[in-house]
Amino acid sequence: WTKGDPAAWALRRRIGREHPGFLDVFHNVRLTYEAQNDIYNRSKINVNTHRNESAGSCNTRVFEILGAGGFQLCDGNPIVEEHFSTGEHLDIYRNVSELEEKILYYLRHENERRKVARQGSALTRAEHRFQDRVRAILSSLEIKPPKDV
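### Quick word on unusual backbone geometry
- Unlike most non-glycine residues, Glu142 shows phi in positive territory, near 60 degrees.
- Overall, the relative accessible area of 75% leaves Glu142 in the exposed class.

Here it is as structure tokens:
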């Protein structure tokens, strides 16, 4: 929710207008990794919005939320959709109306939300660790990774 990202700031303003009091829970502070992990895991729904400069990539929150066992609603991002199946590992929203609709849906369907979170966490822990990313980078550079990576 930084002012440097106009789309995220517009989303924040709209949510604030349409749901008074909702933004009272948002505080822009730095957290330890342990605190982030705890929040991702305890939250019913984690909303992940990429910044404009993330075009062509995805932020680390995608992996952090899923690795922590959290349920994630992520903005439409081709890289995320390349690595994760929508509705199986996380869910995707394309606009604010769809985000609101999906938040309400998943709040009403707890078992489905928990199942998606479990599957997303399992896939992330199996295939999307830092070691996996390093291997992929080295492979794309045609460098054989060391055995311990």
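### A few points about the side chain of Asp132
- With respect to the helices and strands, the residue Asp132 is situated in helix α7 (residues 130-140).
- Judged by relative accessible area, which is 13%, Asp132 ranks as buried.
- At 3.0 Å, the side chain of Asp132 forms a polar contact with the side chain of Arg135.
- Residues in contact with Asp132, not counting those within four places in the same chain, are Ala126 and Glu127.

### Some details on the sheet that holds strand β3 (residues 91-93)
- The parallel open sheet is built from three strands, whose spatial order is β1-β2-β3. Looking at the sheet topology across the chains shown, the edges are occupied by β1 (46-48) and β3. Within the sheet, the average angular offset between the axes of one strand and its neighbour, ignoring direction, is 25 degrees.
- Relative to strand β2 (residues 72-75), β1 is paired through three bridges, and the arrangement is parallel. By the bridge assignment, Val47 is partnered in β2 with Leu73.

### Some words on the environment of Arg129
- Mapped onto the secondary structure, Arg129 falls in the loop between α6 (110-127) and α7.
- Note: C-alpha distance between Arg129 and Gly67 (62 residues apart in sequence) is 8.7 Å.

### What to know about the pattern of salt bridges
- Within the structure shown, the criterion is met by seven salt bridges.
- Salt-bridge contacts for Asp91 lead to Lys102; the nearest nitrogen and oxygen are separated by 2.9 Å. With a gap of 11 residues between them, Asp91 in strand β3 and Lys102 in helix α5 (residues 96-108) connect regions that are remote in the sequence.
- The buried category is assigned to Asp91, whose relative accessible area is 6%.
- Take Lys102: its relative accessible area is 15%, and that puts it in the buried class.
- One salt bridge in this structure joins Lys102 and Glu98, with 3.6 Å as the shortest N-O distance. Pair noted here: Lys102 and Glu98 are both in helix α5, with a separation of four residues, about one helical turn.
- Judged by its relative accessible area of 22%, Glu98 is partly exposed.
- Shared partners join several salt bridges into a network, and the residues in it are Asp91, Glu98 and Lys102.

What counts, and at which threshold
- Within any chain, residue numbers begin from 1 and follow the written order of that chain's sequence.
- A pLDDT threshold of at least 70 governs which residues receive local features in this predicted model, and a stricter bar of 80 or more applies before side-chain atom pairs are shown or counted, although totals over entire chains, interfaces and linings include all residues.
- Only hydrogens and water are removed before side-chain values are computed, so all heavy atoms of the structure are retained for them.
- Burial here depends on accessible area, computed with a 1.4 Å probe over protein chains only, as a share of the maximum for the residue type. Under 20% is buried, over 50% is exposed, and the range in between is partly exposed.
- A run of DSSP states H or I qualifies as a helix once it reaches four residues; a run of E qualifies as a strand once it reaches two. Both are numbered from the N-terminal end.
- Think of a polar contact as two N or O atoms within 3.5 Å of one another; within protein, one of them needs to be a possible hydrogen donor and the other a possible acceptor, and neighboring residues in sequence only count if both atoms come from side chains.
- Contacts between residues were defined by any pair of non-hydrogen atoms, one from each residue, lying within 4.5 Å.
- DSSP calls a pair of strands paired once it identifies at least 2 bridges connecting them.
- As a rule, the C-alpha atoms of each element are fitted with a line to give its axis, helices using only the stretch in contact, and angles between N-to-C directions run from 0 to 180 degrees.
- What makes a salt bridge here is a side-chain nitrogen of Lys or Arg within 4 Å of a carboxyl oxygen of Asp or Glu, nothing more.

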